[in-house]
Amino acid sequence: MFVTTNQPIDREHIERLLFAAAPERKADIQALWDQYKPEFWFKCDKPGITFLAKGNQIHLSAKTLAAVWLLGFAAWKIFACHSPHLLWSFVSKQDIDDEMLRQDEGLYEAKGVFREILATVEDLLKAPSLDDVNWPSDIPRQQADKIGFDTEQQATFDVTMIATAYLLLHELKHVMFSADDAHRPEAPQEELACDAFARDFLLSNSA
(Lines give C-alpha, C1' and ligand atoms only; values in the text may rest on other atoms or scores of the structure.)
Protein backbone atom coordinates (compact mmCIF):
# COMPACT_ATOMS: atom_id res chain seq x y z
CA MET A 1 0.00 0.00 0.00
CA PHE A 2 2.88 2.40 0.84
CA VAL A 3 6.63 2.58 0.27
CA THR A 4 8.78 1.07 3.03
CA THR A 5 10.96 3.97 4.10
CA ASN A 6 11.29 6.69 6.71
CA GLN A 7 9.33 9.44 5.01
CA PRO A 8 6.03 11.34 5.15
CA ILE A 9 2.96 9.69 3.65
CA ASP A 10 0.88 11.64 1.15
CA ARG A 11 -2.29 12.49 3.04
CA GLU A 12 -4.35 11.49 -0.01
CA HIS A 13 -3.47 7.83 0.70
CA ILE A 14 -4.90 8.14 4.21
CA GLU A 15 -7.94 10.05 2.94
CA ARG A 16 -8.79 7.36 0.39
CA LEU A 17 -8.65 4.68 3.06
CA LEU A 18 -10.82 6.63 5.51
CA PHE A 19 -13.28 7.71 2.82
CA ALA A 20 -13.68 4.07 1.75
CA ALA A 21 -14.28 2.96 5.35
CA ALA A 22 -16.67 5.82 6.22
CA PRO A 23 -17.81 7.60 3.05
CA GLU A 24 -20.57 9.40 4.95
CA ARG A 25 -17.92 11.15 7.12
CA LYS A 26 -15.93 12.74 4.29
CA ALA A 27 -16.76 16.31 5.36
CA ASP A 28 -15.91 15.47 8.99
CA ILE A 29 -12.53 14.06 7.98
CA GLN A 30 -11.68 17.15 5.97
CA ALA A 31 -12.73 19.36 8.90
CA LEU A 32 -10.37 17.42 11.20
CA TRP A 33 -7.52 17.90 8.69
CA ASP A 34 -8.15 21.66 8.62
CA GLN A 35 -8.32 21.98 12.41
CA TYR A 36 -5.57 19.62 13.58
CA LYS A 37 -3.32 19.31 10.49
CA PRO A 38 -2.16 15.74 11.23
CA GLU A 39 0.93 14.39 9.50
CA PHE A 40 1.42 10.71 8.66
CA TRP A 41 4.88 9.19 8.60
CA PHE A 42 6.07 5.83 7.36
CA LYS A 43 8.85 4.69 9.70
CA CYS A 44 11.43 2.00 9.00
CA ASP A 45 10.63 -1.50 10.23
CA LYS A 46 11.91 -2.64 13.63
CA PRO A 47 10.98 -5.32 16.19
CA GLY A 48 7.58 -4.69 17.74
CA ILE A 49 4.70 -2.52 16.56
CA THR A 50 4.95 0.95 15.06
CA PHE A 51 1.55 2.62 15.15
CA LEU A 52 1.48 5.64 17.45
CA ALA A 53 0.88 9.38 17.67
CA LYS A 54 3.58 11.92 18.53
CA GLY A 55 2.32 15.47 18.68
CA ASN A 56 0.51 16.02 15.38
CA GLN A 57 2.30 13.09 13.71
CA ILE A 58 1.06 9.52 13.33
CA HIS A 59 3.84 6.96 12.80
CA LEU A 60 3.30 3.55 11.22
CA SER A 61 5.40 0.92 9.48
CA ALA A 62 5.00 -1.52 6.63
CA LYS A 63 5.52 -4.43 9.00
CA THR A 64 2.73 -3.28 11.31
CA LEU A 65 0.31 -2.85 8.40
CA ALA A 66 1.27 -6.32 7.18
CA ALA A 67 0.40 -7.71 10.63
CA VAL A 68 -3.03 -6.02 10.46
CA TRP A 69 -3.52 -7.49 6.98
CA LEU A 70 -2.69 -10.99 8.19
CA LEU A 71 -4.95 -10.62 11.24
CA GLY A 72 -7.79 -9.65 8.90
CA PHE A 73 -7.34 -12.92 7.01
CA ALA A 74 -7.02 -14.82 10.28
CA ALA A 75 -10.35 -13.34 11.39
CA TRP A 76 -11.97 -14.49 8.16
CA LYS A 77 -10.51 -17.98 8.56
CA ILE A 78 -11.91 -18.40 12.08
CA PHE A 79 -15.25 -16.99 10.90
CA ALA A 80 -15.36 -19.57 8.10
CA CYS A 81 -14.27 -22.21 10.62
CA HIS A 82 -17.16 -21.66 13.04
CA SER A 83 -19.94 -20.16 10.92
CA PRO A 84 -21.36 -23.62 10.02
CA HIS A 85 -21.73 -24.41 13.73
CA LEU A 86 -23.45 -21.09 14.39
CA LEU A 87 -25.80 -21.59 11.45
CA TRP A 88 -26.65 -25.17 12.42
CA SER A 89 -27.19 -24.14 16.04
CA PHE A 90 -29.59 -21.42 14.91
CA VAL A 91 -31.54 -23.71 12.58
CA SER A 92 -31.62 -26.77 14.84
CA LYS A 93 -32.02 -24.86 18.15
CA GLN A 94 -29.16 -26.98 19.53
CA ASP A 95 -26.26 -25.69 21.58
CA ILE A 96 -22.76 -25.80 20.12
CA ASP A 97 -21.17 -28.57 22.18
CA ASP A 98 -18.17 -30.90 21.95
CA GLU A 99 -20.17 -33.53 20.09
CA MET A 100 -21.15 -31.08 17.35
CA LEU A 101 -17.55 -30.01 16.97
CA ARG A 102 -16.33 -33.61 16.83
CA GLN A 103 -18.65 -34.29 13.92
CA ASP A 104 -17.03 -31.53 11.86
CA GLU A 105 -14.29 -33.45 10.04
CA GLY A 106 -12.69 -30.30 8.63
CA LEU A 107 -12.56 -28.39 11.89
CA TYR A 108 -9.07 -29.45 12.95
CA GLU A 109 -7.55 -28.49 9.60
CA ALA A 110 -9.41 -25.14 9.54
CA LYS A 111 -8.19 -24.29 13.02
CA GLY A 112 -4.67 -25.24 11.97
CA VAL A 113 -4.76 -22.68 9.16
CA PHE A 114 -5.96 -20.04 11.62
CA ARG A 115 -3.21 -20.85 14.12
CA GLU A 116 -0.58 -20.81 11.36
CA ILE A 117 -1.51 -17.23 10.44
CA LEU A 118 -1.42 -16.15 14.09
CA ALA A 119 2.02 -17.73 14.47
CA THR A 120 3.22 -15.78 11.43
CA VAL A 121 1.91 -12.55 12.98
CA GLU A 122 3.77 -13.32 16.22
CA ASP A 123 6.98 -13.96 14.27
CA LEU A 124 6.42 -10.80 12.25
CA LEU A 125 6.07 -8.60 15.33
CA LYS A 126 9.33 -9.98 16.76
CA ALA A 127 11.25 -9.68 13.49
CA PRO A 128 13.36 -6.65 12.47
CA SER A 129 11.61 -6.34 9.11
CA LEU A 130 8.89 -7.77 6.89
CA ASP A 131 11.53 -9.53 4.77
CA ASP A 132 12.60 -11.68 7.73
CA VAL A 133 9.33 -13.66 7.87
CA ASN A 134 7.95 -16.28 5.48
CA TRP A 135 4.57 -15.13 4.14
CA PRO A 136 1.79 -17.78 4.36
CA SER A 137 1.36 -19.39 0.95
CA ASP A 138 -2.45 -19.18 0.97
CA ILE A 139 -2.68 -15.50 1.96
CA PRO A 140 -2.37 -12.88 -0.81
CA ARG A 141 0.19 -10.15 -0.40
CA GLN A 142 -1.00 -6.65 0.46
CA GLN A 143 -2.38 -4.57 -2.35
CA ALA A 144 -4.26 -1.27 -2.61
CA ASP A 145 -7.44 -2.65 -4.21
CA LYS A 146 -9.43 -5.86 -4.68
CA ILE A 147 -8.46 -6.53 -8.29
CA GLY A 148 -7.91 -10.26 -8.81
CA PHE A 149 -9.45 -11.25 -5.48
CA ASP A 150 -12.20 -13.85 -5.15
CA THR A 151 -15.36 -13.11 -3.15
CA GLU A 152 -13.96 -14.20 0.21
CA GLN A 153 -10.74 -12.26 -0.32
CA GLN A 154 -12.73 -9.16 -1.27
CA ALA A 155 -14.78 -9.42 1.93
CA THR A 156 -11.60 -9.85 3.97
CA PHE A 157 -10.03 -6.86 2.21
CA ASP A 158 -12.99 -4.66 3.17
CA VAL A 159 -12.90 -5.73 6.82
CA THR A 160 -9.13 -5.24 6.97
CA MET A 161 -9.37 -1.73 5.52
CA ILE A 162 -12.03 -0.82 8.08
CA ALA A 163 -9.80 -2.19 10.86
CA THR A 164 -6.88 -0.12 9.55
CA ALA A 165 -9.11 2.97 9.43
CA TYR A 166 -10.10 2.27 13.05
CA LEU A 167 -6.45 2.24 14.11
CA LEU A 168 -5.74 5.47 12.24
CA LEU A 169 -8.75 7.17 13.83
CA HIS A 170 -7.66 5.97 17.27
CA GLU A 171 -4.28 7.63 16.80
CA LEU A 172 -5.90 10.71 15.29
CA LYS A 173 -7.80 11.18 18.54
CA HIS A 174 -4.45 11.17 20.37
CA VAL A 175 -3.35 13.96 18.02
CA MET A 176 -6.52 15.85 18.91
CA PHE A 177 -5.89 15.39 22.64
CA SER A 178 -2.32 16.60 22.15
CA ALA A 179 -3.58 19.79 20.50
CA ASP A 180 -6.34 20.29 23.09
CA ASP A 181 -4.04 19.65 26.04
CA ALA A 182 -6.34 21.28 28.60
CA HIS A 183 -8.94 18.57 27.96
CA ARG A 184 -6.51 15.61 27.92
CA PRO A 185 -7.51 12.77 30.29
CA GLU A 186 -5.17 10.45 32.18
CA ALA A 187 -3.51 7.67 30.16
CA PRO A 188 -5.96 4.77 30.69
CA GLN A 189 -8.99 6.97 30.10
CA GLU A 190 -7.36 8.51 27.04
CA GLU A 191 -6.93 5.10 25.41
CA LEU A 192 -10.58 4.27 26.05
CA ALA A 193 -11.64 7.65 24.70
CA CYS A 194 -9.60 7.07 21.53
CA ASP A 195 -11.27 3.67 21.07
CA ALA A 196 -14.71 5.23 21.54
CA PHE A 197 -13.90 8.02 19.06
CA ALA A 198 -12.75 5.57 16.37
CA ARG A 199 -15.72 3.25 16.90
CA ASP A 200 -18.29 6.04 16.88
CA PHE A 201 -16.71 7.74 13.89
CA LEU A 202 -17.05 4.57 11.81
CA LEU A 203 -20.49 3.48 13.05
CA SER A 204 -22.57 6.36 14.37
CA ASN A 205 -23.57 7.77 10.94
CA SER A 206 -23.56 4.53 8.98
CA ALA A 207 -26.77 3.39 7.32
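Overview of the structure. (Residues numbered from 1 in each chain as written. Predicted model: local features only at pLDDT ≥ 70, side-chain atom pairs only at ≥ 80, totals over all residues. Heavy atoms only, no water.)

Concerning the nonpolar core
Our working definition: Residues belong to a common nonpolar core when they are buried Ala, Val, Leu, Ile, Met, Phe, Trp, Tyr or Cys residues joined through side-chain atoms within 4.5 Å. Burial classes follow relative accessibility: with a 1.4 Å probe on protein chains only, a residue under 20% of its type's maximum area counts as buried, one over 50% as exposed, and anything between as partly exposed. Counting from the N terminus, the helices are the DSSP runs of H or I reaching at least four residues and the strands are the DSSP runs of E reaching at least two.
Judged by nonpolar contacts, the single largest core of 46 residues is most densely connected at Leu-18, Trp-69, Leu-169 and Leu-172. For this core, the secondary-structure elements that each account for two or more residues are helix H1 (11-21), helix H2 (26-36), strand E2 (39-43), strand E4 (57-61), helix H3 (62-92), helix H5 (107-126), helix H6 (151-179) and helix H7 (187-203).

Quick notes on the packing of aromatic side chains
The test is simple: Classification of ring pairs rests on two measures: the distance between centres of Phe, Tyr or Trp rings, Trp counted by its six-membered ring, which must be within 6.5 Å, and the angle between planes, read as stacked under 30 degrees, edge-to-face over 60 and tilted in between. Placement of a charge over a ring requires the Lys NZ or Arg CZ to be within 6 Å of the ring centre, with the centre-to-atom vector within 35 degrees of the ring normal.
Under the criterion given, the structure shown has six aromatic pairs. Between Trp-69 and Phe-73 the ring centres are 5.4 Å apart and the planes differ by 45°, which places this aromatic pair in the tilted class. Pair noted here: Trp-69 and Phe-73 are both in helix H3, with a separation of four residues, about one helical turn. Judged on exposure class, the residue Trp-69 and its partner Phe-73 are both buried. We note Arg-25 situated over the ring of Phe-201; from NZ or CZ to the ring centre the distance is 4.1 Å. Above the plane of the ring of Phe-177 lies Lys-173, whose end atom (NZ or CZ) is 4.7 Å from the centre.

Notes on the packing of H1 against H6
Rule in force here: Here, axes are lines fitted to C-alpha atoms. For helices the fit covers the stretch in contact, and angles between N-to-C directions go from 0 to 180 degrees. Definitions for this section: a left-handed crossing has its near helix turned counterclockwise from the far helix by less than a right angle. A right-handed crossing has that turn clockwise. Any two residues having at least one pair of non-hydrogen atoms within 4.5 Å are treated as being in contact. Residue polarity follows a fixed list, in which Ala, Val, Leu, Ile, Met, Phe, Trp, Tyr, Cys and Pro are nonpolar, Asp, Glu, Lys and Arg are charged, and the others, Gly among them, are polar.
Where H1 meets H6, the axes come as close as 9 Å, and the angle between the chain directions of the two elements is 115°. Of the two elements, H1 crosses H6, and the hand of that crossing is left-handed. Facing Ile-14, Leu-17, Leu-18 and Ala-21 of H1, the residues of H6 in contact are Met-161, Ile-162, Thr-164, Ala-165, Leu-168 and Leu-169. By residue class, the composition of the contact of H1 with H6 is nine nonpolar, one polar and no charged.

A short note on the sheet that holds E2
Note the following rule: Should DSSP find at least two bridges between two strands, the strands are taken to pair.
An order of E1-E2-E4-E3 is seen for the four strands of this open sheet, with the pairing classed as mixed. Every interior strand has two partners, whereas the edge strands, strand E1 (7-8) and strand E3 (51-54), have only one. Both E3 and E4 contribute to a ladder of four bridges, which runs antiparallel. Paired with Phe-51 across the bridge in E4 is Leu-60. Helix-sheet contacts for H6 involve E2, E3 and E4, and the interaxial angle to E3 is about 20°.

Re H1
Rule in force here: Identification of polar contacts relies on pairs of N or O atoms within 3.5 Å, with a donor-acceptor requirement for protein atoms, meaning one able to donate a hydrogen and the other able to accept it, and with residues adjacent in sequence counted only if both atoms are side-chain atoms.
Every buried residue belonging to H1 is among Ile-14, Glu-15, Leu-17, Leu-18, Phe-19 and Ala-21, and all of these are buried. Where H1 is buried, its residues contact H2, E2, H6 and H7. The opening residue of H1 is Asp-10, an N-cap whose side-chain oxygen sits 3.0 Å from the backbone nitrogen of Glu-12.

Focus: a nonpolar patch on the surface
What counts here: Every patch collects residues that have over 30% relative accessible area and no salt bridge, joining them within 9 Å if they carry like charges and within 5 Å if they are nonpolar side chains (Val, Leu, Ile, Met, Phe, Trp, Tyr). Using a 1.4 Å probe, the Shrake-Rupley method yields the accessible areas, and only the shown protein chains count as cover for residues. The term salt bridge refers to a side-chain nitrogen of Lys or Arg lying within 4 Å of a carboxyl oxygen of Asp or Glu.
A cluster of nonpolar residues, Leu-87, Phe-90 and Val-91, forms a patch on the protein surface that exposes about 350 Å² of accessible area. By the secondary structure assignment, Val-91 is in helix H3. With relative accessibility at 53%, the residue Val-91 sits in the exposed group.

Geometric values such as these leave the question of function open.
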